[in-house]
Amino acid sequence: RHDDATMAGKAADHPMRVLLDNPIKLYRDCMRLADYLAHKQGFPRDTMRATVREPWRKHQHETDPAEIMRHREAAVRGLSNYMTYEASKGAMEGVPAFAPEDAVDSGNER
């Protein structure tokens, strides 16, 4: 078991700290990914969202800081794994998987 200081230090060093420190943003990002995957893969949207929602509801009353961090880190890993998958798929096809931010901001595709 980790104490609060150890967990705080672990979160501070994590590359996805903004998500670990903001569980509402993390939850919304997970739900957005569920919507995207439902659309892309043809699954029912409600089913995908329920799959994401279930672990969040199951652990909503968790009070142990180490367990809370473990669940948050698992959610971040899920998002990160999908982004890595898409990026590697694009690299294998010779096509960038993600549009550059300036192209998205200006509304122009490259």
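Bear in mind the structure is a predicted one, so any value in this text is a computation, not a measurement.

Student: Would you take a moment to explain the pattern of salt bridges for this structure?
Tutor: Pairs may arise between side chains of opposite charge once their charged atoms sit close together. As enumerated under the stated definition, the model contains 5 salt bridges in all. With a closest N to O distance of 3.0 Å, D29 and K25 form a salt bridge. Within this pair, D29 and its partner K25 are both found in helix α3 (residues 23–41), separated by 4 residues, close to a single helical turn. You can call D29 buried: its relative accessible area is 17%. Three or more residues are tied together by salt bridges with common partners; here these are K25, D29 and R32.

Student: Which parts of the structure should I look at to understand helix α4 (residues 45–58)?
Tutor: Since the α-helix packs 3.6 residues into each turn, any two residues three or four apart lie on the same face. Look at α4: 20 Å from first C-alpha to last across 14 residues, which is about the 20 Å you get at 1.5 Å a residue. The largest bend in α4 is about 25 degrees, located at V52, with the proline P55 one to four residues further on. Those residues of α4 that are buried are in contact with α3.

Student: Mind showing me how you'd approach the layout of surface pockets here?
Tutor: Which parts of space are left empty comes out when a probe the size of a water molecule is rolled across the atoms. Volume-wise, the largest pocket comes out at about 490 Å³. As for the largest pocket, its lining consists of 18 residues, and the residues nearest its centre are P55, W56, H71, R72 and A75. Of all the secondary structure elements, the ones that give two or more residues to the lining of the largest pocket are α3, α4 and α5 (65–93). For the lining of the largest pocket, the element with the highest residue contribution is α5, accounting for 7 residues. Tallied by class, the residues present in the lining of the largest pocket amount to 11 nonpolar, 5 polar and 2 charged.

Student: I tried to follow the packing of aromatic side chains on my own but got confused; where do I start?
Tutor: The description of an aromatic ring pair rests on the distance of the ring centres and on the angle between the ring planes. Applying the stated criterion across every chain yields a total of 3 aromatic pairs. Centre to centre, the rings of Y27 and W56 are 5.1 Å apart; their planes meet at 80 degrees, and the pair counts as edge-to-face. Here the residue Y27 occupies a position in helix α3, and W56 occupies one in helix α4, the gap between them amounting to 29 residues. For the ring pair Y82 and Y85, a centre distance of 6.0 Å and an interplane angle of 40 degrees mean the geometry is tilted. One end of the pair, Y82, and the other, Y85, are both in helix α5, 3 residues apart, so they sit about a helical turn from each other. By way of ring pairs, the aromatic residues Y36, Y82 and Y85 are connected into one cluster.

Student: Help me understand the packing of α3 against α4, please; the structure alone is not making it clear to me.
Tutor: How two helices sit against one another is set out by the angle between their axes and by the gap between those axes. It is at 8 Å that the axes of α3 and α4 come closest, and there the two elements cross at 150 degrees. If you check the angle between α3 and α4, you find them roughly antiparallel. Our pair here, α3 against α4, has a crossing hand that is right-handed. Every residue of α4 that contacts α3 at P23, L26, Y27, C30, M31, A34, D35, L37 and A38 is listed here: R45, M48, R49, V52, R53 and W56. Residues that form the contact of α3 with α4 fall into these classes: 11 nonpolar, no polar and 4 charged.

What counts as what
- Residues numbered from 1 in each chain as written.
- Predicted model: local features only at pLDDT ≥ 70, side-chain atom pairs only at ≥ 80, totals over all residues.
- Heavy atoms only, no water.
- Salt bridge = Lys/Arg side-chain N within 4 Å of Asp/Glu carboxyl O.
- Helix = DSSP H or I, 4+ residues; strand = E, 2+ residues; numbered from the N terminus.
- Buried < 20%, exposed > 50% of the residue type's maximum accessible area, 1.4 Å probe, protein only.
- Expected span 1.5 Å × (residues − 1).
- Bend = angle between axes of the 7 residues up to and from the residue.
- Contact = heavy atoms within 4.5 Å.
- 1 Å grid on protein atoms, 1.4 Å probe; cavity = no way out; pocket = protein on both sides within 12 Å on 5 of 7 lines; lining within 4 Å.
- Points joined across faces, edges and corners; volume = space filled by probe spheres on them.
- Nonpolar A, V, L, I, M, F, W, Y, C, P; charged D, E, K, R; others polar.
- Phe/Tyr/Trp six-rings, centres within 6.5 Å; stacked < 30°, edge-to-face > 60°.
- Axes fitted to C-alpha atoms, helices over the stretch in contact; angles between N-to-C directions.
- Parallel < 35°, antiparallel > 145°, perpendicular 65-115°, else oblique.
- Left-handed = near helix turned anticlockwise from the far one by under 90°.

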